[in-house]
Amino acid sequence: MILLWQLFVSYLKIGFFGFGGGYAMLSLIQNEVVVQHAWMTNAEFADIVAISQITPGPIAINSATYVGYTVGLQTGHTWCGLLGSAIATLAVCAPSLTLMILVARFFMKLKGNRLVEGAMRGMRPVVIGMIAAAALLLIFPHTHAPGEDNFIDSWSWILFGGVLIGSWRKVNPILLIVLSALAGIGIYYFPTLI
Amino acid sequence: MNETRHPQLQLFWSFFRIGLFTFGGGYAMIPLIQREVIDRTGWIRREEFLDLLTLAQSVPGPIAVNTSVFVGYKLHGFRGAVAALCGTVLPSFAIILLIALFFAGFRQNPVVDAAFKGMRPAVVALIIGPVISLARGMHWSMFVIIIATALAIWGLGWSPIYILAAAAIAGITWELSIAPKAEKRKKGPNA
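Residues numbered from 1 in each chain as written. Chains lettered and ligands numbered in written order. Predicted model: local features only at pLDDT ≥ 70, side-chain atom pairs only at ≥ 80, totals over all residues.

(A) Molecular detail of the overall build of chain A. Looking only at helices and strands, chain A features 9 helices and 0 strands. Listing every helix and strand of chain A by position from the N terminus yields α-α-α-α-α-α-α-α-α. Projecting the C-alpha coordinates of chain A onto the three principal axes gives extents of approximately 65 × 45 × 30 Å. (Helix = DSSP H or I, 4+ residues; strand = E, 2+ residues; numbered from the N terminus.)

Printed below as a string of structure tokens:
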């Protein structure tokens, strides 16, 4: 029960402070889920981001559903997993729902509001820094669990460089993820067969 | 606008389609939302849509979720907002739940494990991409803030929430106290 409550509060926080959408929310999610509560490892977090890239929908929702399920499962049955995923997904949407309805009611007042504009301007560089922090933490984690590092050998860095160039050249991210998955199978699975 | 018997259901289906067919989230959803709420249904006027996007970005939460809540509320009040929200969320919720249900066993599979070993560094590269493109063209003082934020969160383990709150307060203070004076001195946009 306490775990499910913590889950609810964590995702409520993520929803409430998730300015800048998608990638910016990664740092918040990572901070709550990996750093604060250790509900998943750094590698699992990277995996859920990868899954989010190749499945439809916002990353925040995808991660809420997945993390909710795994955390719920820690409290008991499959049903607890389902309950956990529902709780986390509701929690991450609740601030959006409330705030956006408030905005819709007072639409004209908020538009061009100096307070909102000032806050947005102040948060813009911080949001970029948060995205960078999420990436840094994925590359250089604070703790090392065996088999749970994201960068394991020089192939990792070659793939990293290739995808970085690809995303810079505006190659479709889904294609990049699928290609790197195939490369991963080629590099790590087939040599063990020979 | 012709009223159907179940306007909420229609909203739900529209946003269900949007949720189902947008990969990569966030900005990738915008063209699809545009097609659905402007071109196909005429729920929102084109000029309104740009304002809506700005608002959706100034409110926390995923842009797709914010947009759907706004459109739903504008058309059919609170029920409309909930219907549109459910439509957006349900496809990703169902798909991820299916993956989660079977993924625990999946991950032990050597082929899947190898695939994920390849995807992990790729994910990091995809996250770094927008950092570079967003930061380009900014004033050098902004780079200091970007780097300081990244180091504080990653190195010192500060919570991003406090940094965000501090930045919002600093931005408001600047906007209210310093910006008017600076504008007087030189006309033009600030960095």
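(B) Just the overall build of chain B, in detail. Each helix and strand in chain B was counted, giving 7 helices and 0 strands. Traced from its N-terminal end to its C-terminal end, chain B shows the element sequence α-α-α-α-α-α-α. In chain B, buried positions account for 42% of the 191 residues. Sequence separation of at least 24 residues holds for 50% of the intrachain contacts in chain B that already meet a minimum separation of 6. (Buried ≥ 20, exposed ≤ 12 C-beta atoms within 10 Å, placed from the backbone. Contact = placed C-beta atoms within 7 Å.)

(C) Structural detail: the interface of chain A and chain B. With 94 residues of chain A in contact, the opposing surface of chain B contributes 80 residues. Counting residues per element, the ones that place at least two in the side of chain A that touches chain B are helix 1 (2-17), helix 2 (22-36), helix 3 (42-54), helix 4 (59-75), helix 5 (78-105), helix 7 (114-139), helix 8 (154-168) and helix 9 (173-193) of chain A. Looking at the side of chain A that touches chain B element by element, the count peaks at 24 residues for helix 7 of chain A.

(D) Region of interest: the domain arrangement of chain B. Taken as a whole, chain B is organised into domain 1 (7-136) and domain 2 (138-191). Placing the centre of domain 1 of chain B and that of domain 2 of chain B at their C-alpha centroids yields a distance of 29 Å. (Domains from an automatic or database assignment.)

(E) Layout of the confidence of the model for chain A. A residue-level look at chain A finds 95% of positions with pLDDT of 70 or above and a mean pLDDT of 86. When mean pLDDT is compared element by element in chain A, helix 1 of chain A scores highest at 92, while helix 6 (residues 107-110) of chain A scores lowest at 61. (pLDDT = per-residue confidence, 0-100.)

(F) Main features of the domain arrangement of chain A. Domains assigned within chain A are domain 1 (2-144) and domain 2 (153-194). The C-alpha-based centres of domain 1 of chain A and domain 2 of chain A are spaced at 26 Å.

(G) A look at helix 6 (residues 140-154) of chain B. All names here are of chain B. Given a rise of 1.5 Å per residue, 15 residues ought to cover 21 Å, and the 21 Å separating the end C-alpha atoms of helix 6 matches this to within 8%. When we look at burial in helix 6, the residues that qualify are Ile145, Ile146, Thr149, Ala150, Ile153 and Trp154. Down the axis of helix 6, the buried set is contained in an arc of 145 degrees. They therefore lie on one face. Counted as exposed and oriented over 90 degrees from the buried face of helix 6: Trp140, Ser141 and Val144. (Expected span 1.5 Å × (residues − 1). Arc of directions from axis to C-beta.)

(H) Up close: the nonpolar core. Core analysis: the biggest nonpolar cluster contains 111 residues, and Ile131 of chain A together with Ile127 of chain B have the highest contact counts within it. With residues up to four places along the chain from it excluded, the contact list for Ile131 of chain A reads Tyr23, Ala24, Leu26 and Ser27 of chain A together with Ile127, Pro130 and Val131 of chain B. (Core = buried A, V, L, I, M, F, W, Y, C linked by C-beta atoms within 7 Å.)

(I) Representation of the confidence of the model for chain B within the structure. Residue and element names in this part refer to chain B. Of all residues in chain B, 89% attain a pLDDT of 70 or more, and the chain-wide mean is 83. Put simply, helix 3 (residues 46-58) is where chain B has its lowest mean pLDDT, 77, and helix 6 is where it has its highest, 91. Model confidence for the complex is summarised by a pTM of 0.81, with the ipTM given as 0.81.

(J) Main features of unusual backbone geometry. Residue and element names in this part refer to chain A. A positive phi is found at Ala38, a non-glycine position, where the angle reads about 50 degrees. Among the structural elements, Ala38 can be located in the loop between helix 2 and helix 3. Positive phi is not limited to glycine here, since Lys170 has a value of about 65 degrees. You can see Lys170 is positioned in the loop between helix 8 and helix 9.

(K) Quick look at helix 7 of chain A. All names here are of chain A. With 26 residues, helix 7 ought to run about 38 Å at 1.5 Å a step, and its terminal C-alpha atoms sit 38 Å apart, in line with that. Approximately 35 degrees is the largest bend angle found in helix 7, and it occurs at Arg124, with the proline Pro125 only one to four residues beyond. Judged by how many residues are buried, helix 7 sits mostly within the fold: 21 of 26 residues are covered. (Bend = angle between axes of the 7 residues up to and from the residue.)

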